[in-house]
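A closer look at the structure
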Amino acid sequence: MQSLVRVFSELELLPQKPDEVFNFSRRAQELQAQLAYIMESTDKNTVFWIEWRSEARKTRSGQTHSSYRPPD
């Protein structure tokens, strides 16, 4: 939560903001609100889950690397 607050604050302090920064700021606030709901919810009839999708590929050294891929 604190990291999202810090990201939002740092983005707001930028003197000249490209258009993308406004989207990043909005998304940081959305994630903060969603995370707060998950962490503070006392509703026993609510189910939470995290969906993880990854794409595995081999690096030059032969190690397998998985990277996050957002849902379609």
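Our subject is the structure that appears above.
Attention here is on the structure that accompanies the text. (Residues numbered from 1 in each chain as written. Predicted model: local features only at pLDDT ≥ 70, side-chain atom pairs only at ≥ 80, totals over all residues. Heavy atoms only, no water.)

1. Side note on the packing of helix α1 (residues 2-13) against helix α2 (residues 19-40)
Short version of the rule: Inter-axis angles, ranging from 0 to 180 degrees, are taken between N-to-C directions of lines fitted to C-alpha atoms, where helices are fitted over the stretch in contact. The helix count covers DSSP runs of H or I at least four residues long, the strand count covers runs of E at least two residues long, and both are numbered beginning at the N terminus. Angle categories: roughly parallel below 35 degrees, roughly antiparallel above 145, roughly perpendicular from 65 to 115, and oblique for all the rest. What makes a crossing left-handed is the near helix being turned counterclockwise from the far one by less than a right angle; a clockwise turn instead makes it right-handed. Whether two residues are in contact is decided by their heavy atoms, any of which lying within 4.5 Å being enough. Each residue gets one of three labels, nonpolar for Ala, Val, Leu, Ile, Met, Phe, Trp, Tyr, Cys and Pro, charged for Asp, Glu, Lys and Arg, and polar for the others, Gly among them.
As a packed pair, α1 and α2 sit with axes 9 Å apart at the nearest point and diverge in direction by 155°. Comparing their axes, α2 and α1 come out roughly antiparallel. You can see that α1 and α2 cross each other, and the crossing is left-handed. Listed contacts from α2 to L4, V5, V7, F8, L11 and E12 of α1 are V21, F24, S25, A28, Q29, L31, Q32 and L35. Residues that form the contact of α1 with α2 fall into these classes: ten nonpolar, three polar and one charged.

2. Some thoughts on the pattern of salt bridges
Rule in force here: Should a side-chain nitrogen of Lys or Arg be within 4 Å of a carboxyl oxygen of Asp or Glu, the pair is scored as a salt bridge. Only protein chains enter the area calculation, which uses a 1.4 Å probe; residues under 20% of their type maximum are buried, those over 50% are exposed, and those in between are partly exposed.
Under the criterion given, the structure shown has three salt bridges. With its nearest N and O atoms 3.6 Å apart, the salt bridge here joins E10 to R6. With E10 and R6 both in helix α1, this residue pair falls four residues apart, about one helical turn. A relative accessible area of 58% places R6 in the exposed class. Measuring nitrogen to oxygen at the nearest pair gives 3.2 Å for the salt bridge that ties E30 to R27. Remark: R27 and E30 occur in helix α2; sequence separation between them is three residues, near one turn of the helix.

3. Section: the side chain of S25
Spelled out, the test is: Throughout this description, a polar contact denotes any pair of N or O atoms lying within 3.5 Å of each other; where both atoms belong to protein, one of them has to be capable of donating a hydrogen while the other can accept it, and for residues adjacent in sequence the pair is counted only when both atoms sit in side chains.
Mapping S25 onto the fold places it in helix α2. Of the polar contacts made by the side chain of S25, one reaches the side chain of E12; its length is 3.5 Å. The residues touching S25, leaving out its near neighbours within four places in the chain, are F8, L11 and E12.

4. Some points on α2
To keep it simple, the criterion reads: Multiplying one less than the number of residues by 1.5 Å gives the expected span of a helix.
The first and last C-alpha atoms of α2 sit 32 Å apart over 22 residues, in line with the 32 Å expected at 1.5 Å per residue. In the core, the buried residues of α2 are packed alongside α1.

5. Section: the environment of S3
Turning to its location among the elements, S3 is positioned in helix α1. Overall, the relative accessible area of 57% leaves S3 in the exposed class. The sequence separation of S3 and Q32 amounts to 29 residues, and the corresponding C-alpha distance is 9.2 Å.

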